[in-house]
Amino acid sequence: MASTNRPGSAPTVGFDLDMTLIDSRPGIRACYLALSERTGTYVDADLAVTRLGPPLVEELAHWFPAEEIAATADLYREMYPEYAVTATPALPGAREAIEAVREAGGRAIVVTAKYEPNAKLHLEHLGIEPDAVIGDLWAEQKAVALREHGADVYVGDHLGDVRGARTAGALSVAVASGPCGAEELRAAGADVVLADLTEFPEWLAGYRDADGLDTARA
């Protein structure tokens, strides 16, 4: 893996959304509870929010028959703004991480598996303004958007985010703020592992210094 960015130049940084920039567990839990009530099908919402990251249809497959998944996913997405957006806070350091990229003269984009209109609603509600938001992409699929936008770095909390970064040839910066622990992220091939986004501005400054990538990996 090698970043295309030259040390000291303005970076383009991609960020995942759920459990990287936002703590979507309260909102998603509320939406699953409402979905259970609406459909009459039990969903263990507390369990579901421990495994955020993969596409919605993968979680629904645990609870609904295969022939109902597509329609149920549409219903969930329709219900989502009412139940999930206002209940979801930004994670510590999220705004500061985006600002650090801007202060470096770079571009910050969000690449997420979440349904794109709902991803945008979260960011608008929280007053977080990336340069672009691309949704409906998971794991290696994220590389399509990362390459299109020339991302040098991709920041995420899940093993799928590590795979997406590496497929795109971007530096994989993992944050242990989601379902995957630091050692698991490291073992998956993350180049850098941070506890959360509060550590990102200092890391970014080191990444851009005269020692470049070697310093970032130290």
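Residues numbered from 1 in each chain as written. Predicted model: local features only at pLDDT ≥ 70, side-chain atom pairs only at ≥ 80, totals over all residues. Heavy atoms only, no water.

Peer 1: Please clarify how the pairing of strand 5 (residues 171-175) should be interpreted in this entry.
Peer 2: Note on strand geometry: in a regular strand, side chains alternate between the two faces of the sheet. Most of strand 5 sits inside the fold, with 5 of its 5 residues counted as buried. The alternating pattern of strand 5 places Leu171, Val173 and Val175 on one face and Ser172 and Ala174 on the opposite face, and all of these are buried. Pairing of strand 4 (residues 153-156) with strand 5, which is carried by 4 bridges, proceeds in the parallel orientation. From the neighbouring strand, Val153 faces strand 5, where its bridge partner is Leu171. You can see the chain leave strand 4, run along helix 8 (residues 159-168) and come back into strand 5, and the turn it takes is right-handed. Where strand 5 lies against strand 6 (residues 192-194), 3 bridges are found, and the strand directions are parallel. Counted as the bridge partner of Ala174 is Val193 from strand 6. (Buried < 20%, exposed > 50% of the residue type's maximum accessible area, 1.4 Å probe, protein only. Helix = DSSP H or I, 4+ residues; strand = E, 2+ residues; numbered from the N terminus. Pairing = 2+ DSSP bridges. Right-handed = clockwise from strand over helix to strand, strands pointing away.)

Peer 1: Where do I start with unusual backbone geometry in this structure?
Peer 2: Among all residues save glycine, negative phi is the norm, and among peptide bonds the norm is trans. The backbone of Met19 shows a phi angle near 65°, a positive value even though the residue is not glycine. Exposure remark for Met19: the relative accessible area of 3% places this residue in the buried category. The phi dihedral of Asp136 is positive, around 65°, even though this residue is not glycine. For Asp136, the position within the fold is in the loop between strand 3 (132-134) and helix 7 (142-148).

Peer 1: Help me understand the pattern of salt bridges, please; the structure alone is not making it clear to me.
Peer 2: When the charged atoms of two side chains lie near each other, side chains of opposite charge can form a pair. Scanning the model with the defined rule gives 12 salt bridges in all. Its salt-bridge partner being Asp18, residue Lys114 comes within 3.1 Å of it at the nearest N-O pair. Highlighted residues: Lys114 in the loop between strand 2 (107-111) and helix 6 (116-126) and Asp18 in the loop between strand 1 (12-15) and helix 1 (25-39), separated in sequence by 96 residues. Exposure remark for Lys114: the relative accessible area of 11% places this residue in the buried category. Arg163 is the partner of Glu140 in a salt bridge, and the nearest nitrogen-oxygen pair spans 2.9 Å. You can see Glu140 sitting in the loop between strand 3 and helix 7 and its partner Arg163 sitting in helix 8, a full 23 residues away along the chain. In this structure Glu140 comes out as partly exposed when scored by relative accessible area, which is 38%. Accessibility expressed as a relative area gives 35% for Arg163, which makes it partly exposed. (Salt bridge = Lys/Arg side-chain N within 4 Å of Asp/Glu carboxyl O.)

Peer 1: Would you mind showing me how to read the confidence of the model for the chain here?
Peer 2: Do not read the predicted coordinates in detail wherever pLDDT is low. Averaged over every residue, the pLDDT of the chain is 93; the share at 70 or more is 92%. The model gives residues 210-218 a pLDDT under 50, and that stretch makes 14 contacts with residues more than four places away or in other chains. (pLDDT = per-residue confidence, 0-100. Contact = heavy atoms within 4.5 Å.)

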